[in-house]
Amino acid sequence: MAENKKRTLSIELGYLEECAAWKLESRFFPSKVGGKPAWLDLCHLPNSILCGTEHEDKESEERRDVLVPQFEIVIEAEDCLQEEEVSNDLKTEEEKLKAFEKMVQEGKAGTLQGDTSFDELQKTTSPEDRQFSKFNSRIRRNPDQVLRYDRGGTPLWISSDHTPNEDDIPCCEYCGQHRRFEFQILPQLLNYLGLDSTEKSVDWGTLAIYTCSQSCNEGPAYKREFLWKQDIV
Ligand SMILES: [Zn+2]
């Protein structure tokens, strides 16, 4: 019974590593970010790339991509995080919060000054703050991660605000089946790409990508998927 509870969560993390440019060319089927696109199917390149409400041709997209540095994406499993461990963490947080709320009601919270754990709780009493705190404590385990792969799982939201309902995720436009969460991009990527200053106009809290639950082969070789952008509030 205990063994079932200890199912290891299958979340994989993506990290960026410096890599010789030639290793990131299409012929090596690289996992990469930045630089020019390394198209894996050179015979069926998309004719146009949709960006917001404007269409951009591939050439202009490539020109723009050259402006950010490129890295190889290396994947590693999140270190042996188990369901039991996660629920214990959450339980401890809940217990601490309940104890804190009780003391606030009894007017005793002031006596806790100097206790770091309760000081932190004082700052995290709103649902938004608590979600942000949960996000941070999970990321702190592996601070250099830029991607989290958890196909069919749940995104690690940075805020409890602006999370999608089931109806907000459109079905696959090629086969009509549901899309499901596949991976998310973390804000740490902005630092690697040199896009962390406000003037650059690119910013996100987290980007969650939803793909066809059937991984269908309908439609073109390069398919449009669905992205949910959550900002830092
Ligand atoms: Zn599909």
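For every chain, the first residue of the written sequence is number 1, and numbering continues from 1 along that sequence. In view of the model being predicted, local features appear only for residues whose pLDDT reaches at least 70, and side-chain atom pairs are presented and counted only at 80 or more, with totals across whole chains, interfaces and linings using the full set of residues.

Q: Please explain the overall build of the protein as it appears in this structure.
A: Each helix corresponds to a stretch of at least 4 residues labelled H or I by DSSP, and each strand to a stretch of at least 2 residues labelled E; elements are numbered beginning at the N terminus. The number of helices and strands found in the protein is 6 helices and 9 strands. Burial is judged by counting other C-beta atoms within 10 Å of a residue's own C-beta: 20 or more means buried, 12 or fewer means exposed, and anything between counts as partly exposed, with every C-beta placed from the backbone. The 233 residues of the protein split such that 12% are buried. Contacts in the protein between residues at least 24 apart in sequence constitute 74% of all its contacts with a sequence separation of at least 6. In this description, a residue-residue contact is defined by the distance between C-beta atoms placed from the backbone, which must lie within 7 Å.

Q: I would appreciate a short explanation of the sheet that holds strand E7 (residues 179–185) in the present structure.
A: When DSSP locates at least two bridges between a pair of strands, those strands are taken to pair. Taking strand neighbours across the sheet as the criterion, the 7 strands line up as E2-E5-E1-E6-E7-E8-E9 in an open arrangement whose pairing is antiparallel. Looking at which strands have only one partner, the edges of the open sheet turn out to be strand E2 (32–33) and strand E9 (226–230). With 6 bridges connecting them, strand E1 (residues 12–17) and strand E5 (residues 71–77) associate as antiparallel partners. Counterpart to Gly14 in the pairing with E5 is Ile75.

Q: In this structure, what is going on with the nonpolar core? I would like to understand it.
A: Side chains of nonpolar character tend, in soluble globular proteins, to be buried together. With 8 residues, the main nonpolar core is built from Leu13, Leu16, Val33, Phe71, Val146, Leu147, Leu186 and Leu189. If we skip the residues at most four places from it in the chain, Val33 touches Leu16, Gln70, Phe71, Ile73 and Leu189. Throughout this description, the term nonpolar core refers to a group of buried Ala, Val, Leu, Ile, Met, Phe, Trp, Tyr and Cys residues whose C-beta atoms join them within 7 Å.

Q: Before we go on, may I ask you to explain the environment of Gln131 in this structure?
A: On the secondary structure map, Gln131 appears in helix H5 (residues 127–140). Separated by 28 residues in the primary sequence, Gln131 and Ser159 have C-alpha atoms spaced 5.2 Å apart. Sequence-distant contacts of Gln131, that is, excluding residues within four places in its chain, are made with Trp157, Ser159 and Ser160.

Q: Would you take a moment to explain the environment of Gln188 for this structure?
A: Mapped onto the elements, Gln188 comes out in helix H6 (residues 188–192). Along the backbone, Gln188 and Leu147 are 41 residues apart, and their C-alpha atoms lie at a distance of 8.9 Å. Excluding its chain neighbours within four sequence positions, the residues that come into contact with Gln188 are Asp144, Gln145 and Val146.

Q: Sorry if this is basic, but what is going on with the pairing of E5 here?
A: The side chains of a regular strand alternate, first on one face of the sheet and then on the other. For E2 and E5, the ladder comprises 2 bridges, and the chain directions are antiparallel. Bridging across to E5, Lys32 finds its partner in Glu72.

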